[in-house]
There are 4 protein chains.
Amino acid sequence: MPNSTQQFASDNYAGICPEAWAAMAAANVGHVPAYGEDGWTARASDAFRELFRTNCDVFFAFNGTAANSLALASLCQSYHSVICSSTAHVETDECGAPEFFSNGSKLLVAATKSGKLTAEAVRTLAASRSDIHFPKPRAVTITQPTETGQVYSIDEIQALSATCRDLGLRLHMDGARFANACAALGCEPADISWKAGVDVLCFGGTKNGMAVGEAVLYFDNSLAEGFDYRCKQAGQLASKMRFLAAPWVEMLSSGAWLRNAAHANACARRLADQVSGLRGCELMFPVDANSVFIRAPEQSLQALRQRGWRFYTFIGGGARFMFAWDSDPVRVDALASDLRAILGTKADPMSINMP
Amino acid sequence: MPNSTQQFASDNYAGICPEAWAAMAAANVGHVPAYGEDGWTARASDAFRELFRTNCDVFFAFNGTAANSLALASLCQSYHSVICSSTAHVETDECGAPEFFSNGSKLLVAATKSGKLTAEAVRTLAASRSDIHFPKPRAVTITQPTETGQVYSIDEIQALSATCRDLGLRLHMDGARFANACAALGCEPADISWKAGVDVLCFGGTKNGMAVGEAVLYFDNSLAEGFDYRCKQAGQLASKMRFLAAPWVEMLSSGAWLRNAAHANACARRLADQVSGLRGCELMFPVDANSVFIRAPEQSLQALRQRGWRFYTFIGGGARFMFAWDSDPVRVDALASDLRAILGTKADPMSINMP
Amino acid sequence: MPNSTQQFASDNYAGICPEAWAAMAAANVGHVPAYGEDGWTARASDAFRELFRTNCDVFFAFNGTAANSLALASLCQSYHSVICSSTAHVETDECGAPEFFSNGSKLLVAATKSGKLTAEAVRTLAASRSDIHFPKPRAVTITQPTETGQVYSIDEIQALSATCRDLGLRLHMDGARFANACAALGCEPADISWKAGVDVLCFGGTKNGMAVGEAVLYFDNSLAEGFDYRCKQAGQLASKMRFLAAPWVEMLSSGAWLRNAAHANACARRLADQVSGLRGCELMFPVDANSVFIRAPEQSLQALRQRGWRFYTFIGGGARFMFAWDSDPVRVDALASDLRAILGTKADPMSINMP
Amino acid sequence: MPNSTQQFASDNYAGICPEAWAAMAAANVGHVPAYGEDGWTARASDAFRELFRTNCDVFFAFNGTAANSLALASLCQSYHSVICSSTAHVETDECGAPEFFSNGSKLLVAATKSGKLTAEAVRTLAASRSDIHFPKPRAVTITQPTETGQVYSIDEIQALSATCRDLGLRLHMDGARFANACAALGCEPADISWKAGVDVLCFGGTKNGMAVGEAVLYFDNSLAEGFDYRCKQAGQLASKMRFLAAPWVEMLSSGAWLRNAAHANACARRLADQVSGLRGCELMFPVDANSVFIRAPEQSLQALRQRGWRFYTFIGGGARFMFAWDSDPVRVDALASDLRAILGTKADPMSINMP
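In every chain, residue numbers begin from 1 and rise along the written sequence. Chains and ligands are labelled by the order in which they are written, letters from A for the one and numbers from 1 for the other. Given that the model is predicted, a residue must reach a pLDDT of at least 70 before its local features are reported, and side-chain atom pairs must reach 80 or more before they are shown or counted; all residues, however, enter totals for whole chains, interfaces and linings. Computation of side-chain values: all heavy atoms of the structure, hydrogens and water removed.

Chemist: Whenever I open this one, the interface of chain A and chain D confuses me. Can you help?
Modeler: By definition in these notes, contact holds between two residues if any of their heavy atoms fall within 4.5 Å. Counting from both sides, the interface comprises 22 residues of chain A and, opposite them, 22 residues of chain D. Carbon and sulfur atoms make up 52% of the area that chain A and chain D hide from each other, which totals about 2,000 Å². Buried area is understood as the total, over both parts, of accessible area removed when two parts are fitted together, assessed with a 1.4 Å probe. When the buried surface of chain A facing chain D is broken down by residue, Tyr 79, Ile 132 and Tyr 229 of chain A rank first, second and third, together holding 38% of it. Note on definitions: salt bridges are taken to be side-chain nitrogens of Lys or Arg within 4 Å of carboxyl oxygens of Asp or Glu. Along the contact surface separating chain A from chain D lie 0 salt bridges. Under the DSSP-based scheme used, a helix requires at least four consecutive residues in state H or I and a strand at least two consecutive residues in state E, with every element numbered from the N terminus. Contributing elements (two or more residues each) for the side of chain A that touches chain D: helix H5 (97-102) and helix H9 (227-233) of chain A. The greatest single-element share of the side of chain A that touches chain D, amounting to 5 residues, is contributed by H9 of chain A. Of the residues belonging to the side of chain A that touches chain D, the class tally is 8 nonpolar, 8 polar and 6 charged. Only Asp, Glu, Lys and Arg are considered charged in this grouping, and only Ala, Val, Leu, Ile, Met, Phe, Trp, Tyr, Cys and Pro are considered nonpolar; every other residue, Gly among them, is considered polar.

Chemist: Just checking my understanding: could you explain the relation of the copies chain A and chain D for this structure?
Modeler: Superposition of the two copies of the chain requires a rotation about an axis and a shift along the axis. When the copies are superposed, the least-squares fit takes in the C-alpha atoms of residues with a pLDDT of at least 70 in both. With an RMSD of 0.0 Å, the fit of chain A onto chain D corresponds to turning through 180° and sliding 0.0 Å along the axis. Taken together, the rotation and translation describe the operation of a two-fold axis. Within chain A, Asn 103 of chain A has its C-alpha nearest the rotation axis, a separation of 3.2 Å. In this assembly the copies share their binding face: 100% of the residues contributing to the interface of chain A also contribute to that of chain D.

Chemist: Quick question: what am I supposed to make of unusual backbone geometry here?
Modeler: With glycine set apart, most residues show a phi of negative sign, and most peptide bonds adopt trans. Residue and element names in this part refer to chain A. The step from Gln 144 to Pro 145 runs through a cis peptide bond, and the omega angle for that step is -5°. When you line up the elements, Pro 145 lands in the loop between strand E4 (136-143) and helix H7 (154-167). If you check the backbone angles, Arg 53 has positive phi at about 55° while not being a glycine. Structurally, Arg 53 can be placed in the loop between helix H2 (39-52) and strand E1 (57-61). Located in the positive-phi region is Ser 114, a residue other than glycine, with phi close to 60°. Using a 1.4 Å probe on the protein chains alone, a residue whose accessible area is under 20% of its type maximum counts as buried, one over 50% counts as exposed, and one in between counts as partly exposed. Taking the relative accessible area as the measure of exposure, Ser 114 reaches 29% and is therefore partly exposed.

Chemist: Help me out: how do you make sense of the relation of the copies chain D and chain C in this one?
Modeler: Of the transformation superimposing chain D on chain C, the axial component is 0.0 Å and the angular component is 180°, with the fit at an RMSD of 0.0 Å. Same-surface contact between copies: 100% of interface residues of chain D are shared with the interface of chain C.

Geometry only, nothing functional implied.
Structure (structure tokens):
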């Protein structure tokens, strides 16, 4: 029977990885200045600049809701709008946070296929209105990888950013699982961020194995002006900042950020490989990163739940399985086995053909 | 020479206390539901209800800026105002956070002596205007203990809440150092909160020895309606909530919350006792909790800095020394000794009288 | 050739009707108290209460953007959402005003056919999410008549309000052209407002023949608490309020409000009757009030523009003709004639078949 | 006995002056495009540019609350602050509108004598804090003339703007009675606005004799970017804009704007001259514009009220008399006479000396 500590409902369900934990322990020594005036925060900022090989401005926020919403608010005035996909987390799961932090900037949902924004969709939407009665588009936000587990290629991001530059729009990247995208593409972080035209990146730490905390990276330094005040006013300046910063130092220097992501991606691939041929079971989206969306008959999903598995069905009605830095391959196999058992009672071609 | 890890500039400079750390370690096991749907969060909420002996609604926020601002926003509409003292942290050190979260509620500074609000001051200010051109007072906020290190007595709080009820105002308590007030008064938490008429309390965990996190307690449950959504929208809902909640469980059950506070208070008292008789050195405020404000000639303060001590001088020009759960009494004595040496070079009556 | 002063692009293009003008002249005598403390404002408020036969709270705002947005803001907290149709003016043409005034309340677009909201659509949308990551539905807004020129029947409104009550939602009516709905239905204003379950109505004056000003009527008095402060803070309290209020007094007492609307409706009907049989010309929506939406080949619309007619094509690509209190029937006939000439050159079966 | 239509409680109590009225009548002809796309709006904007002899950007808002608050919001982000005097209307009488429109920008009250801001006071306040915990000063607002009826000289404004430039602050002028300042100084509008370093001016029309409407003039065109959207979103874009714009065309071209102001100023001077020598009666502020503040024993003020006079006593406890474009000198004399009679019963040296 499934162990409740090894479900795949969300990568948020995982705890703190050893490297992040060790860093917190190392940081928990003596007294140090508060509000980011400590050495850990300076080192973490430098580590990001080194990793991205550019002199970006680095800030730390408590969670992704705030990181993304504050970043968008810094790009927009209240009468501006932000173009996103219909599955964008900022649109579907932030309870109006972007509108709240920006004091009213409207999110405009562009037509997309399976949650991946395209340059064409951005251009079409941005061109649809140009009168004063409609909020002026000012930014585009993409999630890398998408909420549907797909990774934007370097070319796709470049095409988006070229369109943005052409239209006077800023490009924001929600990188709640940015590390997974890097692991998937095997590229440098710079390649899918500033080198591809991204203006601001929210680099997720929580889903990558930290307790709390996201980094906001401004590659266009001029856009970062006042962002420290913005964070403070919005309740996102940690007094004991070292505990948000130290984990980043260790995660980045040890390579754990990438290993964690690669492991999670591999688990998703492991599941996908085992179920992709099953009759009555369809992979809803390409499995690029650490999630697998499966479309299957409701009775099959119900049978899966009865075997103790927990999962969400909020996008497109399919079952989402999400893997974390510590997901156990044995449990992945157990899930695949259960899926096969449930779906295969009717139609497992392998067993049919066995003598 | 002073050890930089044992300064008394702020209780924010301290790290995580052993009990909080142990709780985080205990919580860092396996996968658990996110966003507060875990067992630790339930237990922490229950622990607060038990400690306060009432069925209050309990929420967790990342820091005091957010906790206090969200609580005030929940009491007010944008056209309301909040009465506070001129030294209130929400007025002087939150970069406009209360106005931001409430979408414009104005803070009204009542005339006070040394930062302690009185029922009379509230009444006078609330009565000063009643026209539509001025934001209608809707809440009063007091800091317990005050930013000047003074503790409101039960009677003082009751007088304030009686006035609030009379005027249709809600009473909010910024309890960033609430534990220190309890330790100082030797009373039950209930005595200076709901039993004394407080509607909402922000109970500080960070300054009490945690890494991050404050609790917001609604004693009037009707006021808590929608506060969970409010926290989520404002970027204050932690996905891995267990790491905010677990420390509370251990802090409250072990009594560390009170021990930590009592220790910090004792350090302040220890310093105050050693310097209170010194010529050229004046205690600016009664030393009720964990801070000591000293007024001394600027050249004396400068001499203190030259000996390596760091402190703030933002309230009234005096030097603030703030003690934490881990402040070292030996270092307190060293500070007192340096103060005596600096001030006493001119005028130590003891040495003058020695034969 | 069309006279530029008799276009049918918008009912906003019309001036001030004689009754409103006379009232402003009558009010422009001597000195009177400002900010609504004058007799005209009192009389206008009473006139509304008499017209609606109920003791509603009455407020005056400068325009519809503000009236509707403030009313919605008074029903919602920032973390709430408002259900509307995809053609709702608050969604499509207010530049994010509802989100701005409410500090982030999200508009949720319900699936509708031709812009008319149904109880079923409200129920389906409201039931689609109930988790904290999505803004909680708190209000429904309908436009009466709709932006597509359709009038909700009493039954339809009752069905909507019953669903709202069932789901704990407030019902707001954007009545920018409320008078046109009354004229169309031949009913009492009360019948399609409070008697049908509407909580708040924004009754449009500008499109009805006034220079500026809308009335906000709260039928549930408890919801009106603080709305005077809200208007003041949001820049919607006129100092010389008499000039917003006096026109209402005269418009309501003279019956001009209804005559103006009936005339505009009749003009729309006059056009619809003359073009409804034309080949290649389709009425996109039932012509219930003062607008006619025509779908015709783009070359036909272009030909119409070449003859000097101006019109908008923003909803569904069709041409919108909108009639005002002073629209000239002769010009309506001229437009119909031009349409016939353009469309009929190819294919008027009647004339072809005539011997 | 005083005629209620000729009180001097507020210049808001006056109606529409003949020139503004005639312009509205002239504009009330036929159909014209809405939302400022009409000829009147273009001509009014040009008239301002001609009057100020510069290519400023011109916008129209419904009232001063909105004009000033929107202008300040355009200069600030939410985490900025605005320096003002303690008597500034934005601080004392806008119900938190600046905080609302800016989403939280805090007003910082500088120490002033009698409500007139000085360069020194600005510098001192701006220098008082530079840490992230306090909203960063970004703008200075002055009211010309002040709420206490004093006029800033060209030199004083230049000194303020020089300090602003030095500190990176924008200078905003609340010109609710800007015309009165021009009349008082006998200068060109440019002299006390852009030539003296003002970035944005809100030029009041309502108190100058119009029904409704203020103009917002951006002398630094770059600051005006997006202000049209800002107005729209904030409910300040009039659909029938011609009725806000036309009065300006006529007021500016006819010189009525200046005549109206000069007349009001003369009435204030007329009262001041008659009461300035009276025993027990003190002019609280220099009478530069159209208001007179009188400090007198409460029993004298009470006696004045008993004779039917109405006035406010909100600033410093004195009685404020405010004169409008249509104030009747005969009534001014009557007020002066009553004041003399009331105060002179004890101590009118003239009558004492009379045989």
